[in-house]
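# Tertiary structure, described
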Amino acid sequence: MGPHPAVAAIRLAVRRVLHDILTELNIATTGGIPERAAVGVPAADTARGRPQAPLVLVACSGGADSMALASALAFEAPRLGVRAGGVTVDHGLQAGSDLRAEEVVLRLRELGLDPVESAAVTVGRTGGPEAAARDARYAALDAAAQRHGAAAVLLGHTRDDQAETVLLGLARGSGIRSLSGMAAVSGAGGRYRRPFLQVDRQTARKACMVQALPVWDDPHNADPAYTRSRLRHEGLPALEKALGKGVVEALARTAQLSRDDADALDTWARQAEAGVRDATGQLECAKLYALPPAVRRRILRRAAIEAGAPAGALFARHIEEVDRLITGWRGQGPINLPGKVVARRQGGRLVIRQG
């Protein structure tokens, strides 16, 4: 008799991602042992006299999603000749968070993961509490991955998380890229992998239950002070009540379609950029005007970021104002952008620079 359907689903999702990682590392497996090491993977296993297996870490908070992911990684990794480890991040935002982190470390070790560690971080205030916690968390995960020479870090974001991200992007009104949600592969060199973007939250929780895995429910996830929490407990249920079941699946599908479209437009913009610059590298307004708006605005955004505008502070309204220097030129003055970057039109050229 095979595993419970929920357990089978999470294991299959992780197995596919591990296969992808091994393929990208160009490692052929024979009997579960890699034949040669990949770039960035520890080179020698002196005990066996052969290359050491690549390491994949799981980021685990102790919640149902990440515990399900950890259990699936612990099961699948040794069958594919991959070493499996784990990292839990202590944000220090709740009383007893250090003790909870120690409990997660013990649970991961009981699953057979090694190495396992807890990383304590200090959460700042930039961008609000959710963004600041996320920045601190990823910085800690980056450091752990580099320290251990990990080939990848698995994240437990589910299809439900993806749907919430799409709705948050829609509320910001910042274009198709914000509707594309979270990428299955992201980070420097494709470090971060999200195996569960096609797995719903209930499946992950069910997998923990049937495996008798203890989970921790973060009270912040139910705190209405947080936007995502309100969306999860009020917004999405209201949408499902009004539109019927299937909203989460539709939003997740929208994310993938939007990402494909956004990637294609980004490629088009990169290819078109060289053709709208003169011999000195200045952007020519007439040539920019001839481009489709979606392509032109991508070029403008790239130019602003290259000039020093912080990407996270550069919003659609900023780019629209710069775009009007091209499409609605009436002799208007320069446009001030984040990072003390200024865009102005001079002699048929668009000049974007600091100061």
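Source: prediction; values computed, not measured. Just so you know, the residues in each chain are numbered from 1, in the order the chain's sequence is written. Local features in this predicted model are restricted to residues whose pLDDT is 70 or higher, and side-chain atom pairs enter the listing and the counts only when it is 80 or higher, whereas totals over whole chains, interfaces and linings include all residues. As a convention, hydrogens and water are excluded, and side-chain values are obtained from all of the structure's heavy atoms.

As a further point, take the pairing of strand β11 (residues 341–346). A strand pair is defined by DSSP finding two or more bridges across the two strands. Every helix listed is a DSSP run of H or I at least four residues long, and every strand listed is a run of E at least two residues long, numbered separately from the N terminus. Sheet analysis places strand β10 (residues 335–337) next to β11, joined by three bridges and oriented antiparallel. Within β11, the position partnered with Leu337 by the bridge is Val341. The turn joining β10 and β11, which pair antiparallel and follow one another in sequence, is formed by three residues; a positive phi near 75 degrees is taken by Gly339. Where β11 lies against strand β12 (residues 349–354), six bridges are found, and the strand directions are antiparallel. Within β12, the residue paired with Val342 across the bridge is Arg353. The turn linking β11 back onto β12 is made up of two residues, and Gly347 within it adopts a positive phi angle of 55 degrees.

This next bit is on the packing of helix α9 (residues 247–273) against helix α11 (residues 293–307). The N-to-C vectors of α9 and α11 enclose an angle of 70 degrees; their axes lie 9 Å apart at closest approach. What the angle tells us is that α9 and α11 run roughly perpendicular. Here α9 contributes Ala262, Leu265, Asp266, Trp268, Ala269, Arg270, Ala272 and Glu273 to the contact with α11, which in turn contributes Ala294, Val295, Arg298, Ile299, Arg302 and Glu306. Of the residues assigned to the contact of α9 with α11, the class counts are eight nonpolar, no polar and six charged. Note on definitions: angles span 0 to 180 degrees between N-to-C directions of axes, and those axes are lines fitted to C-alpha atoms, for helices only across the stretch in contact. Each angle gets one of four labels, with under 35 degrees taken as roughly parallel, over 145 as roughly antiparallel, 65 to 115 as roughly perpendicular, and the rest as oblique. Contacts: residue pairs with any heavy atoms within 4.5 Å of one another. In this classification, the charged set is Asp, Glu, Lys and Arg, the nonpolar set is Ala, Val, Leu, Ile, Met, Phe, Trp, Tyr, Cys and Pro, and all remaining amino acids, among them Gly, are polar.

We define a salt bridge as a contact between a side-chain nitrogen of Lys or Arg and a carboxyl oxygen of Asp or Glu at a distance within 4 Å. Using the criterion set out here, one finds 25 salt bridges in the structure. A salt bridge links Arg277 to Glu273; the nearest nitrogen and oxygen atoms lie 2.8 Å apart. A relative accessible area of 8% means that Glu273 is categorised as buried. With a shortest N-O distance of 4.0 Å, Arg349 and Glu284 are connected by a salt bridge. Taken together, the residues Arg349 in strand β12 and Glu284 in strand β9 (residues 283–284) connect sequence positions 65 residues apart. Here the residues in one salt-bridge network are Asp161, Glu164, Arg201, Arg228 and Arg232, joined through shared partners. Only protein chains enter the calculation, and the probe is 1.4 Å; a residue is then buried if its accessible area is under 20% of its type maximum, exposed if over 50%, and partly exposed in between.

Here we come to the nonpolar core. Counting residues in each nonpolar core, the largest one holds 38 residues, and the members touching the most others are Val14, Leu18, Leu73, Leu113 and Phe196. Contributing elements (two or more residues each) for this core: α1 (5–25), β3 (55–59), α2 (64–76), α3 (97–110), β6 (152–154) and α7 (201–210). Here this core gets ten residues from one element, more than from any other, and that element is α1. With sequence-adjacent residues up to four places away left out, Phe196 is seen in contact with Ile10, Ala13, Val14, Asp65, Ala68, Leu69, Gly156, His157, Thr158 and Arg159. The definition of a nonpolar core used throughout is a set of buried Ala, Val, Leu, Ile, Met, Phe, Trp, Tyr and Cys residues joined through side-chain atoms within 4.5 Å. Within the second largest apolar cluster, 26 residues are counted, among which are Ala272, Val276, Ile319 and Leu337.

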